[in-house]
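Residue strings, one per chain:
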Amino acid sequence: MTASSPLPSAHRAKRRSTFALSGCRPFAMTDTHLIDYEGRYEYWEAGVAWELREPSPRHEWPRSRLVELIGDIAKMRGAPIALLGTTGLQERDVRGTRLRAVQADELVCLDWRYGLPDVYVVGEIPHPDVVFEVDLTTDIRDRKLDVYAAWGIPELWVEVPDADMPGKRKRSGLTILLFDDGTFRESAESAAFPTLSAREIHAALNEPSMSAATVETVRRVGGIMGRRTGTGPDDDPFLRIERRLSQREGHRQGHREGRREGQREGQRDERMPC
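Worth saying up front: this structure is predicted, and the values here are computed from it rather than measured. (Residues numbered from 1 in each chain as written. Predicted model: local features only at pLDDT ≥ 70, side-chain atom pairs only at ≥ 80, totals over all residues. Heavy atoms only, no water.)

A.B. asks: Which parts of the structure should I look at to understand the sheet that holds strand β8 (residues 119-121)?
C.D. replies: What links the strands of a sheet is backbone hydrogen bonding, and the strands pair in either a parallel or an antiparallel sense. What the 6 strands build is an open sheet, ordered β1-β3-β2-β6-β5-β8; its pairing is mixed. Lying at the two open borders of the sheet, with one neighbouring strand each, are β1 (24-28) and β8. This sheet shows a mean twist of 20° between the axes of neighbouring strands, independent of strand direction. The pairing of strand β5 (residues 88-92) with strand β6 (residues 98-103) spans 5 bridges and is antiparallel. Among the inter-strand pairings, arginine 92 is bridged to a residue of β6, identified as arginine 98. In the packing of helix α3 (residues 144-151) onto the sheet, the strands contacted are β2 (43-45), β5 and β6, and the crossing angle to β6 comes to about 115°. (Pairing = 2+ DSSP bridges. Helix = DSSP H or I, 4+ residues; strand = E, 2+ residues; numbered from the N terminus. Axes fitted to C-alpha atoms, helices over the stretch in contact; angles between N-to-C directions. Contact = heavy atoms within 4.5 Å.)

A.B. asks: Before we go on, may I ask you to explain the sheet that holds strand β10 (residues 155-160) in this structure?
C.D. replies: Ordered in space as β4-β7-β9-β10-β11-β12, the 6 strands form an open sheet in which the pairing is mixed. Strand pairing shows two members of the sheet lacking a second neighbour, β4 (82-83) and β12 (183-187), which therefore form its edges. Sheet contacts for helix α2 (residues 57-77): β4, β7 (106-109), β9 (130-134) and β10; angle to β9, the most-contacted strand, approximately 150°.

A.B. asks: Hey, could you run me through the pairing of β9 in this one?
C.D. replies: Successive residues of a regular strand alternate their side chains across the two faces of the sheet. When you tally the buried positions in β9, you get 5 out of 5 residues, the bulk of the element. Of the two faces of β9, the one holding Val130, Phe132 and Val134 and the one holding Val131 and Glu133 are both buried throughout. Looking at chain direction, β7 and β9 are connected through 3 bridges and run antiparallel. Pairing of valine 108 across the sheet is with valine 130, part of β9. In this structure, β9 lies alongside β10, joined through 4 bridges in parallel fashion. (Buried < 20%, exposed > 50% of the residue type's maximum accessible area, 1.4 Å probe, protein only.)

A.B. asks: Teacher, can you tell me more about the packing of α2 against helix α4 (residues 198-206) here?
C.D. replies: Geometry of a packed helix pair, given as the angle between the helix axes and the separation of the axes. In contact at an axis separation of 8 Å, α2 and α4 are set at 110° when each is read in the N-to-C sense. When the axis of α2 is compared with that of α4, the two are roughly perpendicular. Where α2 crosses over α4, the two elements pack in a sense that is right-handed. In this structure, α2 contributes Trp61, Pro62, Arg65, Leu66 and Leu69 to the contact, and α4 contributes Ala204, Leu205 and Asn206. When its residues are assigned to classes, the contact of α2 with α4 shows 6 nonpolar, 1 polar and 1 charged. (Parallel < 35°, antiparallel > 145°, perpendicular 65-115°, else oblique. Left-handed = near helix turned anticlockwise from the far one by under 90°. Nonpolar A, V, L, I, M, F, W, Y, C, P; charged D, E, K, R; others polar.)

A.B. asks: I keep staring at the pattern of salt bridges and nothing clicks. Help me out?
C.D. replies: Close approach of charged atoms allows side chains of opposite charge to pair. In the structure shown here, the tally under the stated rule is 16 salt bridges. The salt bridge involving glutamate 106 is made with arginine 63; its shortest N-O contact spans 3.1 Å. Here glutamate 106 is found in strand β7, whereas its partner arginine 63 is found in helix α2, with 43 residues between them in sequence. Residue glutamate 106 is classed as buried on the basis of its relative accessible area of 0%. When its relative accessible area of 24% is taken as the criterion, arginine 63 is described as partly exposed. Here aspartate 111 makes a salt bridge to arginine 77, at a shortest N to O gap of 3.1 Å. (Salt bridge = Lys/Arg side-chain N within 4 Å of Asp/Glu carboxyl O.)

A.B. asks: What exactly am I supposed to notice about the pairing of strand β3 (residues 48-52) here?
C.D. replies: Counting buried residues along β3, 4 of its 5 residues qualify, which places the element largely inside the surrounding structure. Sheet analysis places β1 next to β3, joined by 5 bridges and oriented antiparallel. Note that in β3 the partner of phenylalanine 27 across the bridge is alanine 49. In sequence, β2 turns back onto β3 through a hairpin of 2 residues, with alanine 46 there showing a positive phi of about 55°.

A.B. asks: Explain the nonpolar core here, please?
C.D. replies: Grouped together as the largest cluster of nonpolar side chains are 29 residues, with contacts concentrated most on Leu89, Tyr148, Trp151, Leu156 and Phe184. Put simply, the parts of the chain that give this core at least two residues each are β3, β7, α3 and β10. For this core, the leading source of residues is α3, giving 5 residues. Ile70, Leu110, Ile176 and Ile201 belong to the second-largest nonpolar core, a separate cluster that totals 28 residues. (Core = buried A, V, L, I, M, F, W, Y, C linked by side-chain atoms within 4.5 Å.)

In structure tokens, the structure reads:
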């Protein structure tokens, strides 16, 4: 995880009329209501929350594929990678008053050493290593991109799924944005997951099942990350047991083949004339 520092100053909350979020509808939600709210929202500020107008499985599919991809990389790395789902990120002032909040589609933390938080208060614990957003009917550029930049989120993945979306402002694909000197810059590869490219991530998130190419990507990226941390597949409990069982079965198969070959040799000897 990337260390964060307290925000130097709170940003003045904008009023509801100053911006709009595409694909979302606003509804009133007080600071107090936000504490116990269990629903999904994209953004909250100044007593107004914004939720997806038309949530669909096409929006959730990339996230489910991301969970599988990161989980497999973690196995090859030999060390867990925490996925915190739609945990809310909140900005608060020095008195603890909530100023604004967002819910990303996924938060990825490479080295999580904390309990599971109800909310992620910016500045109190290190930033997530990667924030993942799906832009299907929404557009992160409307508001959330500026907020993530103001918070100094180190890496942002924005996925536009492969789907026919008439009127969509962007083409399908995944964009990796790295925070640098107060703003985001686009990158072809991830910083948190070395050599993992935007093209490879997008392909993995949109295929119906894991392809051979994605398997090789997982092995490469997980192997690099493992070498950096001094871990590997044998440090993953599941893979360690699977390898032991496979080796044991391989030895048994070898013994069975050896016995069969011995029996065949014996039969040939019996058929040979004296």
